[in-house]
Amino acid sequence: MSGISTLAELFSNGADSAVALSAPARTDLSFGNLRALMSRTVARLNELGIGRNDRVAIVLPNGPDMASSFISIASGATAAPLNRLVIDLTATSAQLRRDAPVPIPP
């Protein structure tokens, strides 16, 4: 992995049609579709004023949605996955809304 310094560089190596993420009873996500998701996510975060040094909380159950969200967000900001089974979602949600650089809908 020498010479690779970003997630975009890491995931640029897979063939467009090759499987990047797979889970039982779910449609596979190809490298091409993952790269497109990463690009759209970073563009949208940037539109919202969120960039490299900003933290983005992710509250999703473990699985392919968490994985693709983490990869996509981490390619343009600091991804902060929160374990919803351990945290008090009501208190955390209120704190995130208060501290967020952009509004978070309830």
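Residues numbered from 1 in each chain as written. Predicted model: local features only at pLDDT ≥ 70, side-chain atom pairs only at ≥ 80, totals over all residues. Heavy atoms only, no water.

Overview of helix H2 (residues 31-47)
Here is step 1 of the chain: Compared with an ideal rise of 1.5 Å per residue, which puts 17 residues at 24 Å, H2 spans 24 Å between its outermost C-alpha atoms and is within 8% of the ideal.
Here is step 2 of the chain: Along H2, the residues that are buried comprise Phe31, Leu34, Met38, Thr41, Val42 and Leu45. Here the buried residues of H2 occupy an arc of 95 degrees about the axis, which is enough to place them on one side. The outward face of H2, more than 90 degrees from its buried face, is lined by the exposed residues Arg40 and Glu47.
Here is step 3 of the chain: Here the buried face of H2 lies against helix H1 (7-11), strand S1 (19-21), strand S2 (29-30), strand S3 (55-58) and helix H3 (64-74).
Here is step 4 of the chain: One or two positions beyond H2, positive phi appears at Gly49, with a value near 85 degrees. (Helix = DSSP H or I, 4+ residues; strand = E, 2+ residues; numbered from the N terminus. Expected span 1.5 Å × (residues − 1). Buried < 20%, exposed > 50% of the residue type's maximum accessible area, 1.4 Å probe, protein only. Arc of directions from axis to C-beta. Contact = heavy atoms within 4.5 Å.)

Re the nonpolar core
Side chains of nonpolar character tend, in soluble globular proteins, to be buried together.
Here is step 1 of the chain: Leu45, Ile50, Val56, Ile58, Met66, Ile73, Ala74, Ala77 and Ala79 together form the largest nonpolar core, which totals 9 residues.
Here is step 2 of the chain: Going through the elements one at a time, S3 and H3 are the ones with two or more residues in this core.
Here is step 3 of the chain: Residue contributions to this core peak at 3 residues, all from H3.
Here is step 4 of the chain: Ile73 has contacts with Thr41, Leu45, Val56, Ile58 and Ala79, leaving out every residue within four places of it along the chain.
Here is step 5 of the chain: Counting 7 residues, the second largest nonpolar core, distinct from the first, contains Phe11, Leu21, Phe31 and Met38. (Core = buried A, V, L, I, M, F, W, Y, C linked by side-chain atoms within 4.5 Å.)

Focus on the pattern of salt bridges
Here is step 1 of the chain: Scanning the model with the defined rule gives 3 salt bridges in all.
Here is step 2 of the chain: A salt bridge links Arg26 to Asp65; its shortest N-O distance comes to 2.9 Å. Of this pair, Arg26 sits in the loop between S1 and S2 while Asp65 is found in helix H3, placing the two residues 39 residues apart along the sequence. (Salt bridge = Lys/Arg side-chain N within 4 Å of Asp/Glu carboxyl O.)

Notes on the pairing of S3
Here is step 1 of the chain: Of the two faces of S3, the one lined by Val56 and Ile58 is fully buried and the one lined by Arg55 and Ala57 carries no buried residue.
Here is step 2 of the chain: Pairing of S3 with strand S4 (residues 78-81) involves 4 bridges; the strand directions are parallel. Counted as the bridge partner of Val56 is Ala79 from S4.
Here is step 3 of the chain: The β-α-β motif built from S3, the intervening H3 and the parallel element S4 has right-handed crossover chirality. (Pairing = 2+ DSSP bridges. Right-handed = clockwise from strand over helix to strand, strands pointing away.)

Everything listed is a geometric property; what it means functionally is a separate question.
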